[in-house]
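Structure at a glance
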Amino acid sequence: MTMTSPTQAPEPGLPSTPHRAARRPSRFRPGAGGQLKGGPFAYIALAVVGIGSLLPLYWTLVAASHTQDEVLATTPPFLPGGRLLHNLDAAWSQAHLGKAIVNSVVVSGCITAATLFFCTLAGYAFAKMRFTGRGALMTGVVATLTIPPQLSVVPLFMMMSDIGWGGKLESVIFPTLVSAFGVFFMRQYLTEALPYELIEAAKIDGANNFRIVRSVVLPVARPAMTVLGMLTFVQAWNDFFWPYLALNQQNPTLQVALGQLSASYTPDQSIVMAGALISTLPLLVVFVVFGKQIVGGIMSGAVKG
């Protein structure tokens, strides 16, 4: 009876291949579902960018908590002072910010809701529906992005006056119910994120176009709608040019009311900064409340496909 050795010699003429030790996976080559791990340089870069982004907000807080003489001194203060509440109260009373904040919430909320609704419908139509002139219409929508908004101010102002909306919030809301950027953004997203198979399956089940939009399109488009809604709300909240022309001093939005603080011959910079701090706080609250949804929408669009 012959015994076989557990280790056999390599066949003649073939090179010996020694066993390779298992290599540690590189942190820059993650496997499926892995994540890249940043080194010290990445953390330093992120810290510098984060501090640089917070500096304007911190300086607004510092300037709003001091007197104007201290803010305009040769050596300005670097730490918050004790006049923050006094300056906030002065800005609130001088510019009537209570009514202005309510107007800004109404304007920004209506514009955001309408933009999401109309842009999602238009984006779905341009992305997945077949109709005559689709390419030409989409080209026209994108071409409007190249037109400066200042060119439409005079005819738009005359139109709002003829309708009887001069000085009313409707004159700010209705011209911006839909945006060309929103239509293009939703069209690009739905082109890749929404497969035709889902639409065909819904049609086989007897769903009409409105049911398809409600049950198929909106769930798929939710991440992109979150990002578009945030961008639209911030833009509408910070808009100054058209509300300044369309509204009067008795019915302003927040940015128009803040312009009144700096309209005097010698404005108090500390009170102006206190008003700017008030206008920034609602945006910070929105980011804190909807931060996860916003990041989730951005990442969903980034890793899609």
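In case you missed it, the structure is sitting above this.
Sequence positions are assigned chain by chain, starting from 1 and proceeding in written order. In keeping with the model being predicted, local features are shown solely for residues with a pLDDT of at least 70 and side-chain atom pairs are shown and tallied solely at 80 or more, while totals for entire chains, interfaces and linings include all residues. Values reported for side chains reflect all heavy atoms of the structure, with hydrogen atoms and water molecules removed beforehand.

Next up on the list: the packing of aromatic side chains. A pair of Phe, Tyr and Trp rings is counted when the ring centres sit within 6.5 Å of each other, with Trp represented by its six-membered ring. The angle between the planes then sorts it: under 30 degrees is stacked, over 60 is edge-to-face, the rest tilted. Counting across every chain of the model gives 6 aromatic pairs. With a centroid separation of 5.9 Å and an interplanar angle of 25°, the aromatic rings of Phe-233 and Trp-237 are classed as stacked. Residue Phe-233 and its partner Trp-237 are both found in helix H10 (residues 209–238); the two are separated by 4 residues, about one turn of the helix. Trp-237 carries the same exposure label as Phe-233, and that label is buried. Numbered from the N terminus, helices here are DSSP runs of H or I no shorter than four residues, and strands are runs of E no shorter than two. Residue burial is assigned from relative accessible area. The probe radius is 1.4 Å, only protein chains are included, and a residue is buried under 20% of its type maximum, exposed over 50%, and partly exposed in between.

Quick look at the environment of Ala-143 now. Mapping Ala-143 onto the fold places it in helix H5 (residues 134–143). For the pair Ala-143 and Ala-180, spaced 37 residues apart in sequence, the C-alpha separation works out to 8.8 Å.

Time to look at the side chain of Asn-251. For Asn-251, the position within the fold is in the loop between helix H11 (241–246) and helix H12 (254–261). Pairs of N or O atoms are called polar contacts if they sit within 3.5 Å, as long as, within protein, a hydrogen donor faces a hydrogen acceptor (for residues adjacent in sequence, only side-chain-to-side-chain pairs). At 3.0 Å, the side chain of Asn-251 forms a polar contact with the side chain of Asn-103. The contact criterion used throughout is that any non-hydrogen atoms of two residues lie within 4.5 Å. Sequence-distant contacts of Asn-251, defined by excluding residues within four places in its chain, comprise Lys-99, Asn-103, Gly-167, Lys-168 and Leu-169.

Even without being glycine, His-96 reaches a positive phi, approximately 50°. Inspection of the secondary structure assignment puts His-96 in the loop between helix H3 (84–95) and helix H4 (97–128). The exposed category is assigned to His-96, whose relative accessible area is 56%.

Interaxial angle, 0 to 180 degrees, is taken between N-to-C directions of lines fitted to C-alpha atoms, where a helix line uses only the stretch in contact. Between H4 and H12, the shortest axis-to-axis distance is 8 Å and the interhelical angle comes to 150°. As summarised for this structure, H4 and H12 are arranged roughly antiparallel, according to the angle between their axes. Contacts between H4 and H12 involve Leu-97, Ala-100, Ile-101 and Ser-104 from the former and Leu-254, Ala-257 and Leu-258 from the latter. Lys, Arg, Asp and Glu make up the charged group, whereas Ala, Val, Leu, Ile, Met, Phe, Trp, Tyr, Cys and Pro make up the nonpolar group; the residues left over, Gly among them, are polar. When grouped by side-chain class, the residues that make up the contact of H4 with H12 number 6 nonpolar, 1 polar and no charged. Note on angle classes: values under 35 degrees are labelled roughly parallel, values over 145 roughly antiparallel, values of 65 to 115 roughly perpendicular, and the remainder oblique.

Patches were defined on residues exceeding 30% relative accessible area and lacking a salt bridge, with like-charge contacts within 9 Å and nonpolar side-chain contacts (Val, Leu, Ile, Met, Phe, Trp, Tyr) within 5 Å. Surface accessibility follows the Shrake-Rupley procedure with a 1.4 Å probe radius. Residue values consider only the protein chains on display as shielding. The working definition used for a salt bridge is a side-chain nitrogen of Lys or Arg within 4 Å of a carboxyl oxygen of Asp or Glu. A cluster of nonpolar residues, Ile-51, Leu-55, Tyr-58, Phe-78 and Leu-79, forms a patch on the protein surface that exposes about 570 Å² of accessible area. By secondary structure assignment, the location of Phe-78 is in the loop between helix H2 (68–71) and H3.

Here we take up the nonpolar core. Counting 23 residues, the largest nonpolar core has Tyr-124, Met-186, Leu-190, Leu-194, Ile-212 and Val-217 as its most contacted members. Those elements giving two or more residues to this core turn out to be H4, helix H8 (180–193), helix H9 (196–204) and H10. A total of 9 residues in this core trace back to one element, the largest contributor, which is H10. In this view, Tyr-124 contacts Met-129, Leu-190, Leu-194, Ile-199, Ile-212, Val-213 and Val-217; residues no more than four positions away in its chain are not counted. We define the nonpolar core as a collection of buried residues of types Ala, Val, Leu, Ile, Met, Phe, Trp, Tyr and Cys that are connected through side-chain atoms lying within 4.5 Å of one another. With 21 residues, the next largest nonpolar core counts Ala-90, Ala-100, Phe-233 and Ala-274 among its residues.

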